[in-house]
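Observations on chain architecture
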Amino acid sequence: MKTLEIIGFKRANLGKQQSKDLRNESFVPGVLYGGSEQVHFYAPAILFRDLVYSPEVYEVDLNIEGTHYRAIMQDVQFHPVNEMLLHVDFLELQDDKPVKIEIPVKMVGNSPGVMLGGKLVTKLRKLKIKALPANLPDYIEVDISDLELGKSIKVNKIKGGDYEILTNALAPVATVTIPRALKSAQMEEARGGKK
C-alpha cells in the first residue's frame with residue numbers, strides 16, 4: 001500500500017469557532033482514533049489533495065508535531081454547498097488489529113461480451129474489506145475474461161487474498177450491457193428465423 005505523509009499540529013481548543021477560524025486559514029481539522037488516545041489536530045488543506053481526491057487508498061504517515069502515527073482515512077466531510085473540506089477522521093493502524101476499509105476494484109482480462117460489441121459497465125468501484133494492515137491490497141482484481149453479453153460478475157465470484165470481503169456477495173461488480181443496435185439486430189435475426 002502506498003504511503004502519504006501529512007504534517008499536522010495538535011489542537012488545544014476543540015470548539016466550533018476555532019474550527020471555523022482554522023478553515024478560514026486553509027487548515028483542515030481532523031481526529032485520529034483507534035490507538036491509546038484520541039489525537040485532535042489540524043493540517044494544511046493542500047496536503048489532503050492526493051489523499052481525498054484520488055481513487056487510490058493510502059496508508060498515511062501522520063506527523064503531528066514530531067510524533068508519527070500509521071493511519072488510514074476513515075471519513076471525510078465536505079461543505080454541502082461549496083465542497084470545501086471540513087473535517088477528516090483517521091484510524092490508527094495496529095499490526096494485530098484488523099481494519100475495515102474500501103479498496104478500489106481493477107478490471108483485468110478481456111471480456112468476450114465487449115469484443116462482440118457490448119459495453120462494460122462498472123457497478124462497484126470499491127469493495128469493503130476487513131484485513132490486518134499488513135494484508136491490505138492497493139486494489140482488488142476482478143477477472144472479466146468470462147463475462148459474456150448481458151451478464152454480470154458478482155462479488156461472490158471474486159477470488160480474495162488475505163482479507164475478507166464485506167460487500168454484499170450478490171452485488172454486481174461489472175456488467176456487459178447489450179447496445180441498442182445489437183439488440184435490434186438480434187430481434188431482426190429472430191424475426192427472420194420464424195418465417
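See the structure above.
Now for a look at the structure at hand. Counting starts from 1 at the beginning of each chain's written sequence and moves along it residue by residue. For this predicted model, a pLDDT threshold of at least 70 governs which residues receive local features, and a threshold of 80 or more governs which side-chain atom pairs are given and counted, while totals over whole chains, interfaces and linings are taken from all residues. The side-chain figures draw on all heavy atoms in the structure; neither hydrogens nor water molecules are used.

What follows deals with the overall build of the protein chain. Helix numbers and strand numbers start at the N terminus; a helix is a DSSP run of H or I with at least 4 residues, a strand a run of E with at least 2. Along the protein chain, the regular secondary structure elements total four helices and 13 strands. The C-alpha radius of gyration computed for the protein chain amounts to 23 Å, which surpasses the reference 16 Å derived for 195 residues by more than 25%, pointing to a less compact arrangement than a globule. C-alpha extents for the protein chain along the principal axes are approximately 85 × 40 × 20 Å. Expressed as a percentage of the 195 residues in the protein chain, the buried residues total 35%. Contact definition: two residues touch when any of their heavy atoms are within 4.5 Å. When contacts within the protein chain are restricted to residue pairs at least 6 apart in sequence, long-range pairs at least 24 apart make up 66% of them. In the structure as shown, the protein chain presents an accessible area of about 11900 Å², 50% of it carried by carbon and sulfur atoms. C-alpha atoms define the radius of gyration in this analysis, and the globule rule sets the expected value at 2.2 Å times the number of residues to the power 0.38. Only protein chains enter the area calculation, which uses a 1.4 Å probe; residues under 20% of their type maximum are buried, those over 50% are exposed, and those in between are partly exposed. Each accessible area is a Shrake-Rupley estimate made with a 1.4 Å probe; only the visible protein chains count as cover when residues are assessed.

In this section: the side chain of Asn63. In this fold, Asn63 is placed in strand β4 (residues 58-64). Residues contacting Asn63, with those up to four places away along its chain left out, are Glu5, Ile6, Ile7, Gly8 and His68.

Pairing between strands is defined by DSSP: at least two bridges between the two strands are required. With mixed pairing, the six strands of this closed barrel are ordered in space as β1-β3-β2-β6-β5-β4. With strand direction ignored, the average angle separating the axes of adjacent strands in the sheet is 45°. The pairing of strand β1 (residues 2-10) with β4 spans seven bridges and is classified as parallel. By the bridge assignment, Gly8 is partnered in β4 with Ile64. Sitting on the sheet, helix α1 (residues 16-24) touches β2 (27-33), β3 (39-44) and β6 (85-92), and the angle it makes with β2 is about 125°. The angle between two axes is taken between their N-to-C directions and runs from 0 to 180 degrees, where each axis is a line fitted to C-alpha atoms and a helix contributes only its stretch in contact.

Further remarks concern the environment of Asp143. Topologically, Asp143 is positioned in strand β10 (residues 140-143). Separated by 15 residues in the primary sequence, Asp143 and Ile158 have C-alpha atoms spaced 7.7 Å apart. Look past the residues within four positions of Asp143 in its chain and what remains in contact with it is Val108, Gly109 and Ile153. In protein, a polar contact means a hydrogen-donor-capable atom and an acceptor-capable atom, both N or O and within 3.5 Å, with residues adjacent in sequence counting only if both atoms are side-chain atoms; elsewhere, any N or O pair within 3.5 Å suffices. At 2.7 Å, the side chain of Asp143 and the side chain of Ser145 are in polar contact.

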